[in-house]
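# Coordinate inspection notes
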Amino acid sequence: MLRLYSAEDIEKLRIIKHLVEDRGLNLAGVELVLEIMPELKKLSKTAEFEDNLEDMKDQINTSVEKIFNTLKLCSEEKSGSTTYLIIS
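These numbers were taken from a predicted model, which means no experiment stands behind them. (Residues numbered from 1 in each chain as written. Predicted model: local features only at pLDDT ≥ 70, side-chain atom pairs only at ≥ 80, totals over all residues. Heavy atoms only, no water.)

### Overview of the confidence of the model for the chain
Chain-level statistics for the chain give a pLDDT mean of 81 and a share of 82% at 70 or above. Mean pLDDT per element in the chain: strand E1 (residues 74-78) is the minimum at 52, and helix H1 (residues 7-22) is the maximum at 93. (pLDDT = per-residue confidence, 0-100. Helix = DSSP H or I, 4+ residues; strand = E, 2+ residues; numbered from the N terminus.)

### Considerations on the pattern of salt bridges
Overall, the coordinates contain three salt bridges when judged by the stated rule. Among the ionic pairs, Lys-17 bridges to Glu-21, the shortest N-O distance being 2.7 Å. With a gap of four residues between them, Lys-17 and Glu-21 both fall in helix H1, about one helical turn apart. Classification of Glu-21 by relative accessible area gives exposed; the value is 55%. Here Lys-66 ties to Glu-39 by a salt bridge, and the two come within 3.7 Å at their closest N and O atoms. (Salt bridge = Lys/Arg side-chain N within 4 Å of Asp/Glu carboxyl O. Buried < 20%, exposed > 50% of the residue type's maximum accessible area, 1.4 Å probe, protein only.)

### Some thoughts on a nonpolar patch on the surface
On the surface, Tyr-5, Ile-10 and Leu-13 cluster together to form a nonpolar patch covering roughly 290 Å² of accessible area. Here Tyr-5 falls in the partly exposed class, since its relative accessible area comes to 47%. (Patch = residues over 30% accessible without salt bridge, like charges linked within 9 Å, V, L, I, M, F, W, Y side chains within 5 Å. Areas by Shrake-Rupley, 256 points an atom, 1.4 Å probe, with all protein chains shown as cover.)

### Section: helix H2 (residues 27-49)
Turn by turn, an α-helix covers 3.6 residues, leaving residues three or four places apart pointing in a common direction. The end-to-end C-alpha distance of H2 is 33 Å, a good match for the 33 Å that 23 residues give at a rise of 1.5 Å each. Taken as a whole, H2 carries its principal kink of about 35° at Met-37; the proline Pro-38 stands between one and four residues after it. Those residues of H2 that fall on the buried side of the exposure criterion are Gly-29, Val-30, Ile-36, Met-37, Glu-39, Leu-43 and Thr-46. Buried residues in H2 make contact with H1 and helix H3 (53-70). (Expected span 1.5 Å × (residues − 1). Bend = angle between axes of the 7 residues up to and from the residue. Contact = heavy atoms within 4.5 Å.)

### Concerning the side chain of Ser-63
For Ser-63, the location among the structural elements is in helix H3. Accessibility expressed as a relative area gives 2% for Ser-63, which makes it buried. Residue contacts for Ser-63: discarding those within four places in its chain leaves Glu-39, Lys-42 and Leu-43.

### Section: the packing of H1 against H2
Angle between the axes and distance between the axes: these two values describe a pair of packed helices. Packing of H1 against H2 brings their axes to within 10 Å, and their N-to-C directions diverge by 135°. Comparing their axes, H2 and H1 come out oblique. In this structure, the crossing between H1 and H2 has a hand that is right-handed. Together, Lys-12, Ile-15, Ile-16, Leu-19 and Val-20 of H1 and Leu-27, Val-30, Val-33, Leu-34 and Met-37 of H2 make up the contact between the two elements. By residue class, the composition of the contact of H1 with H2 is nine nonpolar, no polar and one charged. (Axes fitted to C-alpha atoms, helices over the stretch in contact; angles between N-to-C directions. Parallel < 35°, antiparallel > 145°, perpendicular 65-115°, else oblique. Left-handed = near helix turned anticlockwise from the far one by under 90°. Nonpolar A, V, L, I, M, F, W, Y, C, P; charged D, E, K, R; others polar.)

Written as structure tokens, this is what we have:
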């Protein structure tokens with residue numbers, strides 16, 4: 001049986017291979033990276049194409065919050081700003 005893969009499928013497989021073989025991530029780590037990649041791509045595009053600084057700030061803050069929530073690192077909100085738990 002012939003199976004066809006899209007260019008997107010092949011790129012995703014290359015990323016997974018790189019993360020496992022070159023960066024030493026396990027499959028749980030790969031899953032987290034794949035979950036946050038769309039937000040990171042959105043951040044990159046926002047920084048590149050957004051002319052309005054206030055809109056860019058809002059979009060970046062929203063994306064960063066989504067990434068921290070995906071990683072379960074958001075702890076609480078204090079006086080208008082969110083405090084993030086950073087594990088070192």
